[in-house]
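Remarks on the overall topology
Each chain is listed here by its residues.
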Amino acid sequence: MQVIGLCGSSNSGKTTLAEKLIRALKARGCRVSVVKHAHKRFDIDRPGKDSFRHREAGAFEVLVANGHRLALMREFETEAELSVHQMLAELSDLSALGLEHWVLVEGFKHADLPKIEVWRAAHGARPLYPDDPFVVALAVPAADALPHACGLPRFDLDEAEAGALADFLRSDPSRYEYHAPVPDFGSR
């Protein structure tokens, strides 16, 4: 599977770009998955539903599925902060079935993954690209001047379809091929 991160400051347009990129990649025949970091508590379940009641009773995992959707909810006994690599390991690798499978990772701006930086001058945030070797391209409003010159490809953040960005990513899929890190067991 190919993995590309979308990083940037809060409210820079990462989610909107992700939506456009999902549509553009799907239109090109790709399967797309998303890994999203949540900074706050969240719940996809509703009080009173059977699955909610199962979790409240102490189930470690609850899997709910029908003919259209599958959701797996896992409860941690103590608070756990998963790494992006642990989260990616939870996904099905559809490329093993011969499908072009892209995973968009939203958040995790310091991850050791290739990523597109979403940046807006109006936000006043310091860009990551001058110091982050994993930034492979920029998504910036066409009118915004970059604060630091660079040779990275630049895409118009306000482009309606994100087609040029999807084509750029697909032009060199091996660059984004995901290889899980090898665990370091220390020297023996």
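Residues numbered from 1 in each chain as written. Predicted model: local features only at pLDDT ≥ 70, side-chain atom pairs only at ≥ 80, totals over all residues. Heavy atoms only, no water.

**Describing empty space enclosed by the protein**
Inspection of the entire model under this criterion finds 1 cavity of 30 Å³ or more. For the lining of the largest cavity, the per-class residue count stands at 6 nonpolar, no polar and 2 charged. (1 Å grid on protein atoms, 1.4 Å probe; cavity = no way out; pocket = protein on both sides within 12 Å on 5 of 7 lines; lining within 4 Å. Points joined across faces, edges and corners; volume = space filled by probe spheres on them. Nonpolar A, V, L, I, M, F, W, Y, C, P; charged D, E, K, R; others polar.)

**Brief notes about the layout of surface pockets**
When its volume is computed, the largest pocket comes out at roughly 1,800 Å³. For the largest pocket, the lining is made up of 34 residues, of which Phe 42, Arg 74, Phe 76, Leu 82 and Met 87 are closest to its centre. At the level of elements, strand 2 (31-36) and strand 4 (70-74) are the ones that each hand at least two residues to the lining of the largest pocket. Counting residues per element, the lining of the largest pocket draws most heavily on strand 2, which supplies 6 residues. Looking at the lining of the largest pocket residue by residue, the classes come out as 17 nonpolar, 6 polar and 11 charged. (Helix = DSSP H or I, 4+ residues; strand = E, 2+ residues; numbered from the N terminus.)

**A short note on the sheet that holds strand 1 (residues 2-8)**
Strand order in the open sheet formed by 6 strands is 2-5-1-6-7-8, with parallel pairing between adjacent strands. Two strands close off the open sheet at either side, each with one partner strand: strand 2 and strand 8 (154-156). If you compare each strand with its neighbour and ignore which way they point, the axes differ by 25° on average. Examined bridge by bridge, strand 1 and strand 5 (residues 101-106) share 5 bridges and lie parallel to one another. (Pairing = 2+ DSSP bridges. Axes fitted to C-alpha atoms, helices over the stretch in contact; angles between N-to-C directions.)

**Here's the deal with the packing of helix 1 (residues 14-27) against helix 4 (residues 163-170)**
It is at 9 Å that the axes of helix 1 and helix 4 come closest, and there the two elements cross at 65°. For the pair helix 1 and helix 4, the sense of crossing is right-handed. Only Gly 163, Leu 165, Ala 166, Leu 169 and Arg 170 of helix 4 make contact with helix 1, whose side of the interface consists of Leu 17, Leu 21, Ala 24 and Leu 25. Along the lines of polarity and charge, the residues of the contact of helix 1 with helix 4 split into 7 nonpolar, 1 polar and 1 charged. (Left-handed = near helix turned anticlockwise from the far one by under 90°. Contact = heavy atoms within 4.5 Å.)

**So, the pairing of strand 4**
Bridge count between strand 3 (residues 61-65) and strand 4: 5 bridges; the pairing is antiparallel. Directly across from Ala 65, in strand 4, lies its bridge partner Leu 70.

**So, the nonpolar core**
Among the nonpolar cores identified, the biggest contains 23 residues, and Ile 4, Leu 17, Leu 21, Ile 116 and Leu 169 are the most heavily contacted of them. Contributing elements (two or more residues each) for this core: strand 1, helix 1, strand 5, strand 6 (115-118), strand 7 (135-140) and helix 4. Once you skip the residues sitting within four places of it in the chain, Ile 4 turns out to touch Trp 102, Val 103, Leu 104, Val 105, Pro 114, Lys 115, Ile 116, Val 136, Leu 169 and Tyr 176. Residues Met 1, Val 35, Val 84 and Val 103 belong to the second largest nonpolar core, which totals 12 residues. (Core = buried A, V, L, I, M, F, W, Y, C linked by side-chain atoms within 4.5 Å. Buried < 20%, exposed > 50% of the residue type's maximum accessible area, 1.4 Å probe, protein only.)

**Details of the environment of Leu 128**
By the element assignment, Leu 128 lies in the loop between strand 6 and strand 7. For Leu 128, a relative accessible area of 17% puts it in the buried group. A C-alpha to C-alpha distance of 8.6 Å links Leu 128 and Cys 7, two positions 121 residues apart in sequence. Not counting residues within four places of it along the chain, the set of residues in contact with Leu 128 comprises Cys 7, Lys 109, His 110 and Glu 117.

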